[in-house]
Each structure stands twice: as C-alpha cells, then as structure tokens.
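# Architecture and fold: a report
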Amino acid sequence: MLSERRLEVLRAIVQDYVGTEEPVGSKALTERHQLGVSPATIRNDMAALEDEGFIAQPHTSAGRIPTDKGYRLFVDKLAGVKPLSSPERRAIQNFLDGAVDLDDVVGRTVRLLAQLTRQVAVVQYPSLTRSTVRHVELLALAPARLMLVLITDTGRVEQRLIDCQAPFGETSLADLRARLNSRVVGRRFADVPQLVQDLPESFEQDDRGTVSTVLSVLLETLVEETEERLVIGGTANLTRFGHDFPLTIRPVLEALEEHVVLLKLLGEAKDSGMTVRIGHENAHEGLTSTSVVAVGYGSGDEAVAKLGVVGPTRMDYPGTMGAVRAVARYVGQILAES
C-alpha cells in the first residue's frame, strides 16, 4: 500500500500532466502543490512510485508521466466525480428538452457529450431486448392492407406494412387491436411470443389467417429490432490529442468504426454503474492508448442502454465522469417522461 503522502504526490502528478501536457518534475510539484515536504523527499517519493509502476519517464527529460496503472489508482482511490455547475446542468436540460423523438434524443445526446467532454461520444440506442411494449396500433390503409405501429416504453417507434390474404373488417381490426394490447402492453419483448401464440384461435375461422399474419410481422419486428444500434460523434476531437497517441490516431479511428468493438467497450447495459477502462484494459489493440468512461441510462431503475466517451488516457477523469453521469441522468428522465 502506498502512503498517504505518496498518493498525494501521484494525484498531483496526474492533475499537472492532464492540465499541462508536460512531464512533471519534483521542482514543479513543490511550487504548485502544498505537499509540506522538501523537493528531495518528493524526488524519493517519485522514485518509489516509478519503481512500483505508477509513473514513468517518457524520455530523458527530468519529468514523469502517469502510467495506465497510475491512472487506475487515481480513478479508483483519488478522483471524485466532479459535479457540473448549475449553468451547465441547465444547458443540458434545455438542449435535451427540445428533442422531438428517440432519434433526436440520441442525436442530441451524442453532440452534447462530445461538446462537454471534447472527446468522442458514443450512445447506444435503448435495447429492445430490455424494452417493454407501450402500445401496438393497427391501422387499415386499404381493405386488405394494414399498418402495424409498435411503440416501446423508451419511445422507440417501429412501423410495418402488412398485406393480408383477404379483406379485414373494421370491427375485426378493432377487436384484434384490443385483444393484442390487453396481452402485451407492459410486457417484455422476450415474453410476447408466448403471450400471443393462441390468439388466432380466439377469432372466427375467416379471420385467423390475417391474425396470424399480423402476429408473425409483430414477432419479426421484435426480433429484427433487438440488434444493437449505436451513434458516434465528435471523432474530430481526437485530432486535438495527436501527441497523446504513440504513432498515429489511425488505429483508434479504425477501431471506432467497428460497432461490435464499441458495444464491447461500453459493456453490458445491465451493468448500469460507471465503468472506466484505461489503456491496456481495453482488449482491442487499436484502443490501448485510450480510456473509456461509460454508464448505463434508462427510464426507471433499470438501464436499457449505455453511453460514454472515448479519449486519450491523459483525460480529465473527474470532469469526464461528472459529464457522462449527468447526461445519462437527464436522458433517463426524458425517456421516463416520453
């Protein structure tokens, strides 16, 4: 275990390096921080931190920089989550309140996160595997043509056209709409197939074919839409950190194009707590010089998806964690009210 003083020295090194982009020397630490000990003692502490792998000497300069291990200790033990100011919180709320539908909420959230953190923002669409049905609407477009509209608890709307084998009367349509909603509203997508499997048998023989067609389209929609969707924004922000990436930012950009990689980075939506992955903790080779801060969001106690940011390991962790958490909270509120 590191002594309290050495932890303070590590905290000061991380803060100075993040703020100045320059390797940090003992003289600078003495001048900038009230550590209460001599420069010689700080040099000894820095030597001990280096021996234990928390800081490293990047080149022949006298200064030191944090390693992945040093940043990890900083995040776990030393960094609080920096709350946003009242004006920042109001700005987030005003910006997100203007959203007209789920696509707009996700799009605005990506832009907002990228602006607040000045890093790459990633937002996962609410997963339908964890969603419930809010309403199923059936509309007659022609005697033998229907439109099915599926609305989820997270505000997602899916529309499908259905060509029926025979004309389907308004009375039968109203009956199907009522019976279908009575079975599926408020239920999870995964439970729907079992809940509706015997529905056709409760209709007249002539209507059963159409009822079966409607149900098969509904179930296909549920399966199709369980595919995870992501939106990414602020990639240009990476160019500001060119010197933070060992050779080039190309491997990072290539990794960010692979949505499967990003979904793994964000982690399981059900793990709604804040996760911070630093440097080599990211399994993908192109992202070993980056850190990922992610958190779950949802319309109630349960997270339905994740959002987060990707940036260099030289990151303002307290500020980034505060921004990510605040945005997730507001998006959850909007979903709950929608």
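The preceding data block contains the structure.
About the cut-offs
- Residues numbered from 1 in each chain as written.
- Predicted model: local features only at pLDDT ≥ 70, side-chain atom pairs only at ≥ 80, totals over all residues.
- Heavy atoms only, no water.
- Helix = DSSP H or I, 4+ residues; strand = E, 2+ residues; numbered from the N terminus.
- Rg over C-alpha atoms; globule rule 2.2 N^0.38 Å.
- Buried < 20%, exposed > 50% of the residue type's maximum accessible area, 1.4 Å probe, protein only.
- Salt bridge = Lys/Arg side-chain N within 4 Å of Asp/Glu carboxyl O.
- Pairing = 2+ DSSP bridges.
- Phe/Tyr/Trp six-rings, centres within 6.5 Å; stacked < 30°, edge-to-face > 60°.
- Lys NZ or Arg CZ within 6 Å of the ring centre and 35° of its normal.
- Axes fitted to C-alpha atoms, helices over the stretch in contact; angles between N-to-C directions.
- Contact = heavy atoms within 4.5 Å.
- Parallel < 35°, antiparallel > 145°, perpendicular 65-115°, else oblique.
- Nonpolar A, V, L, I, M, F, W, Y, C, P; charged D, E, K, R; others polar.

### Description of the overall build of the chain
A tally of helices and strands in the chain yields 12 helices and 10 strands. Rg of the C-alpha trace for the chain: 26 Å, well past the compact-globule value of 20 Å for 338 residues, more than 25% over. The dimensions of the chain, computed from C-alpha atoms along their principal axes, are 90 × 40 × 35 Å. Residues classed as buried in the chain amount to 50% of the 338 residues present.

### Some words on the pattern of salt bridges
Enumeration over the complete set of coordinates arrives at 15 salt bridges. Close ionic contact of Glu8 with Arg11 constitutes a salt bridge, the shortest N to O distance being 2.9 Å. Placement of both Glu8 and Arg11 in helix α1 (residues 4-20) is noted, with a separation of 3 residues, approximately one turn of the helix. Note on Glu8: relative accessible area 32%, which makes it partly exposed. A relative accessible area of 23% places Arg11 in the partly exposed class. When salt bridges that share partners are traced, they join Arg5, Arg6 and Asp45 into one network.

### Considerations on the pairing of strand β6 (residues 157-163)
A one-sided burial pattern is seen for β6, the buried positions being Glu158, Arg160 and Ile162 and the unburied ones Val157, Gln159, Leu161 and Asp163. The turn joining strand β5 (residues 145-152) and β6, which pair antiparallel and follow one another in sequence, is formed by 4 residues; a positive phi near 90° is taken by Gly155.

### Some remarks on unusual backbone geometry
Unlike most non-glycine residues, Glu21 shows phi in positive territory, near 65°. Examined against the element boundaries, Glu21 turns out to sit in the loop between α1 and α2 (26-32). A relative accessible area of 39% places Glu21 in the partly exposed class. Within the chain, Arg118 stands out as a residue other than glycine whose phi angle is a positive 55°.

### Some thoughts on the packing of aromatic side chains
Tallying each qualifying case throughout the model produces 1 aromatic pair. Over the aromatic face of Phe54 sits the side chain of Lys69, whose NZ or CZ is 4.6 Å from the ring centroid. Here the guanidinium or amino end of Arg108 rests over the ring plane of Phe95, the centre of that ring lying 5.3 Å away.

### A look at the sheet that holds strand β8 (residues 275-278)
Pairing in this open sheet of 5 strands is antiparallel, and the strands run β7-β3-β10-β9-β8 from one edge to the other. Every other strand in the sheet has two partners, leaving β7 (230-233) and β8 as the edge strands with one partner each. Adjacent strand axes in the sheet meet at a mean angle of 15° when their direction is disregarded. Pairing between β8 and strand β9 (residues 290-297): 4 bridges, direction antiparallel. Looking at β9, one finds that Val276 is bridged to Val293. Along the sheet, helix α12 (residues 317-337) contacts β8, β9 and β10 (305-312); its crossing angle with β9, the most-contacted strand, is approximately 25°.

### Considering the packing of α1 against helix α3 (residues 39-51)
Two numbers describe how α1 lies on α3: the axes approach to 10 Å, and their chain directions differ by 85°. With respect to each other, α1 and α3 are oriented roughly perpendicular. Of the residues in α3, those in contact with Arg5, Arg6, Val9, Leu10 and Ile13 of α1 are Thr41, Asn44, Asp45, Met46, Ala48 and Leu49. Per-class residue counts for the contact of α1 with α3 are 6 nonpolar, 2 polar and 3 charged.

Limitation: the analysis is restricted to geometry and does not speak to function.
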